[in-house]
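Observations on the model geometry
Chain residues, written in single-letter form:
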Amino acid sequence: MKLPEMKHPQYEVQLLSYPNPIKYRPFTVREEMILRMAVEAKDLDSTVNALKQVVENCLVSEIDVDNMAIVDMETLFLHLRARSIGETGSQFFKCKNEVTTTEGQKKECGMLLEVPIKYLEVPVINNNAERNIKFSDDMGVTMKFPSYKVAKELINLEQEEAEVTLVALCIDKIFSSEEVFNADDCTLEELVEFVLKLHTDKYEKMKEFCFNAPKNQLTVQKKCARCEYEHSFTLEGIQDFFG
Ligand SMILES: [Zn+2]
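Residues numbered from 1 in each chain as written. Predicted model: local features only at pLDDT ≥ 70, side-chain atom pairs only at ≥ 80, totals over all residues.

Thoughts on the nonpolar core
Grouped together as the largest cluster of nonpolar side chains are 45 residues, with contacts concentrated most on Leu51, Met73 and Cys170. By residue number, the principal contributor to this core is helix H3 (residues 70-84), which donates eight residues. Apart from the residues within four sequence positions on either side, Cys170 is in contact with Met143, Lys144, Pro146, Val150, Phe209 and Cys210. (Core = buried A, V, L, I, M, F, W, Y, C linked by C-beta atoms within 7 Å. Buried ≥ 20, exposed ≤ 12 C-beta atoms within 10 Å, placed from the backbone. Helix = DSSP H or I, 4+ residues; strand = E, 2+ residues; numbered from the N terminus. Contact = placed C-beta atoms within 7 Å.)

Quick notes on unusual backbone geometry
Even without being a glycine, Asn126 presents a positive backbone phi close to 55 degrees. Phi at Glu228 takes a positive value of approximately 70 degrees, unusual for a residue other than glycine. Looking at the element boundaries, Glu228 is found in the loop between strand E12 (215-223) and strand E13 (230-236). Given 11 C-beta atoms within 10 Å, Glu228 falls into the exposed group.

Some points on the environment of Lys202
Tracing the backbone through its elements, the reader meets Lys202 in helix H7 (residues 200-211). The class of Lys202 is partly exposed, set by 17 C-beta atoms lying within 10 Å. As a C-alpha pair, Lys202 and Gly89 span 113 residues in sequence and 43 Å in three-dimensional space.

What about the sheet that holds E12?
Pairing is antiparallel across the open sheet formed by three strands, whose spatial order is E7-E12-E13. The open sheet has two edge strands, strand E7 (124-125) and E13, and neither has a second partner. Strand direction decides the pairing type here: E7 and E12, joined by two bridges, are antiparallel. Looking at the pairing, Val124 lines up with Asn216 of E12. Docked against the sheet, H3 engages E7 and E12, running at close to 55 degrees with respect to E12. (Pairing = 2+ DSSP bridges. Axes fitted to C-alpha atoms, helices over the stretch in contact; angles between N-to-C directions.)

A closer look at helix H1 (residues 29-40)
Structurally, the α-helix is built with 3.6 residues per turn, so residues lying three or four positions apart point the same way. Between its first and last C-alpha, H1 extends 17 Å over twelve residues, near the 16 Å set by a 1.5 Å rise per residue. Along H1, the positions that sit buried rather than exposed are Glu31, Leu35 and Ala38. Here the buried residues of H1 occupy an arc of 55 degrees about the axis, which is enough to place them on one side. Away from the buried face of H1 by more than 90 degrees, exposed residues Val29, Arg30 and Arg36 are located. As for H1, its buried residues are in contact with helix H2 (44-58) and helix H8 (237-242). (Expected span 1.5 Å × (residues − 1). Arc of directions from axis to C-beta.)

Describing the domain arrangement of the protein
As assigned here, the protein comprises domain 1 (11-84), domain 2 (92-125 + 218-234) and domain 3 (132-211). The gap between the C-alpha centroids of domain 1 and domain 3 is 26 Å. If you look at the interface, domain 1 gives eleven residues, while domain 3 gives nine residues. Those elements that place two or more of their residues in the side of domain 1 that touches domain 3 are H2 and H3. When grouped by side-chain class, the residues that make up the side of domain 1 that touches domain 3 number seven nonpolar, two polar and two charged. (Domains from an automatic or database assignment. Nonpolar A, V, L, I, M, F, W, Y, C, P; charged D, E, K, R; others polar.)

A few points about the pairing of E12
Summarising the sheet, E12 and E13 pair through seven bridges and their orientation is antiparallel. In the sheet register, Lys223 faces E13, and the bridge partner there is Glu230. The hairpin formed by E12 and E13 contains six residues between the paired strands, and Glu228 there has a positive phi angle of roughly 70 degrees.

This is how it looks when you write it as structure tokens:
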């Protein structure tokens, strides 16, 4: 028996890495269940696979989800949340400020604090990073923001190797006066070799781009109603917003 299906409304969101707004539909019960699994998963692999699944289901625009920047995926999730469940929500934190009881004992305040979130208004910080890094008048690179695919490549690497690999994988294009090379057409080994031959100051600039990648970050000031301590809560990443 063919049961009727609900028609989905479509929405648009402007993401950092794309010139035009991206179209999506709200998630349904199925995607909300997948998202729960993503938040509760203990390893990055399961989280990323679940997130990818939700995005692939809900995107109306054609986008290469595998290579989507983390910041863009986060922004899309905040919008999905707003359009699917509601534009506002809360996270709760326990006040861990130390207080003195009337008997003179020190203990944790323990008051539960509600931090309100407006999902469509979470700011993207570090959003004006310069993607083009020049090495000389006629040579340089165009960088791209890290994706979850890149993050997964780094899991088992030692720090130094992870940094070089991160920088190599965040190269989008390499240009000289004669030619433009797409990083997609190069192997990881070729890109790492390219990075290892750079002067340190250029490498540092590329590293800074990768480490200060834009992200959705919400800072909320909240005074504890019991002990009056002034808290500053910072929320960032899928777990903070959806956990
Ligand atoms: Zn308190």
